[in-house]
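# Breakdown of the fold
The residues making up each chain are set out below.
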Amino acid sequence: GVSKVVLNQVDENRGLPKAISAVTAAKFLQPRQEKGRMSIVLPCLNEPYALNTVRSFCERTPQEVLEEIIVVDDASEPPMEEKLTEVDEKCRLRVLRHKAS
């Protein structure tokens, strides 16, 4: 019946006992309703791919989850902020710069 169909969809590594009801299994498989917010922190020192990395995180992280992307510049030359001027505002980018590494 339904229990067998639902239980066959559950990964064996999740530790669900085989003798559970279909209702319990369906609740277990249900995606979480609330999503947390996430800040992504990227430490950088003269990182040539920082722009691509920031864009990639921005594009792959759902906007309702993304709080901000923080680039911590460890005294790069030129400063990372100059390399990241093309980042879209939706990425919520912050650049924190250390004067010396």
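Here, every reference points to the structure presented above.
For the structure given in this document, a descriptive report is provided here. (Residues numbered from 1 in each chain as written. Predicted model: local features only at pLDDT ≥ 70, side-chain atom pairs only at ≥ 80, totals over all residues. Heavy atoms only, no water.)

### A closer look at the state of the cysteines
Inspection of the entire model under this criterion finds one disulfide. The disulfide bridge from C58 ends at C91, spanning 2.2 Å between sulfur atoms. Disulfide C58-C91: torsion about the S-S bond near -95°, hence left-handed. Here the residue C58 occupies a position in helix 3 (residues 50-60), and C91 occupies one in the loop between helix 4 (80-83) and strand 3 (93-98), the gap between them amounting to 33 residues. Judged by its relative accessible area of 3%, C91 is buried. (Disulfide = S-S within 2.5 Å. Helix = DSSP H or I, 4+ residues; strand = E, 2+ residues; numbered from the N terminus. Buried < 20%, exposed > 50% of the residue type's maximum accessible area, 1.4 Å probe, protein only.)

### Some details on the pattern of salt bridges
One pass over the full model with this rule turns up five salt bridges. Note that E86 and R55 form a salt bridge whose closest N and O atoms lie 3.1 Å from each other. Placement of E86 in the loop between helix 4 and strand 3 and of R55 in helix 3 is noted, with a sequence separation of 31 residues between them. Of the residues examined, E86 reaches a relative accessible area of 55% and is grouped as exposed. R94 serves as the salt-bridge partner of E68, at 3.0 Å between the closest nitrogen and oxygen. Taken together, the positions of E68 in strand 2 (residues 66-74) and R94 in strand 3 put the pair 26 residues apart, joining distant regions of the chain. (Salt bridge = Lys/Arg side-chain N within 4 Å of Asp/Glu carboxyl O.)

### Digging into the sheet that holds strand 1 (residues 38-44)
What the three strands build is an open sheet, ordered 1-2-3; its pairing is parallel. Each end of this open sheet is capped by a strand with a single partner; those strands are strand 1 and strand 3. Recorded for the sheet is a direction-independent mean angle of 20° between the axes of neighbouring strands. As defined by bridge partners, strand 2 adjoins strand 3 across six bridges and the pair is classed as parallel. Residue pairing for strand 3: V72 is matched across the bridge by L96. Docked against the sheet, helix 3 engages strand 1, strand 2 and strand 3, running at close to 170° with respect to strand 1. (Pairing = 2+ DSSP bridges. Axes fitted to C-alpha atoms, helices over the stretch in contact; angles between N-to-C directions. Contact = heavy atoms within 4.5 Å.)

### Section: helix 3
Residues of helix 3 that are buried include every one of A50, L51, V54 and C58, and no others. Considered in projection along helix 3, the buried side chains sweep an arc of 100° and stay on one side of the axis. Exposed side chains of helix 3 directed beyond 90 degrees from the buried face belong to E59 and R60. Taken together, the buried residues of helix 3 touch strand 1, strand 2, helix 4 and strand 3. (Arc of directions from axis to C-beta.)

### Looking at the nonpolar core
Buried together is how nonpolar side chains tend to be arranged in soluble globular proteins. In this structure, L42, V54, I69, V71 and L84 are the most contacted members of the largest nonpolar core, which totals 14 residues. Those elements giving two or more residues to this core turn out to be strand 1, helix 3 and strand 2. Here this core takes four residues from helix 3, the largest share from any one element. When neighbours within four sequence positions are excluded, L84 is seen to be in contact with A50, L51, V54, V71, L93 and V95. (Core = buried A, V, L, I, M, F, W, Y, C linked by side-chain atoms within 4.5 Å.)

In short, geometric facts, not functional conclusions.
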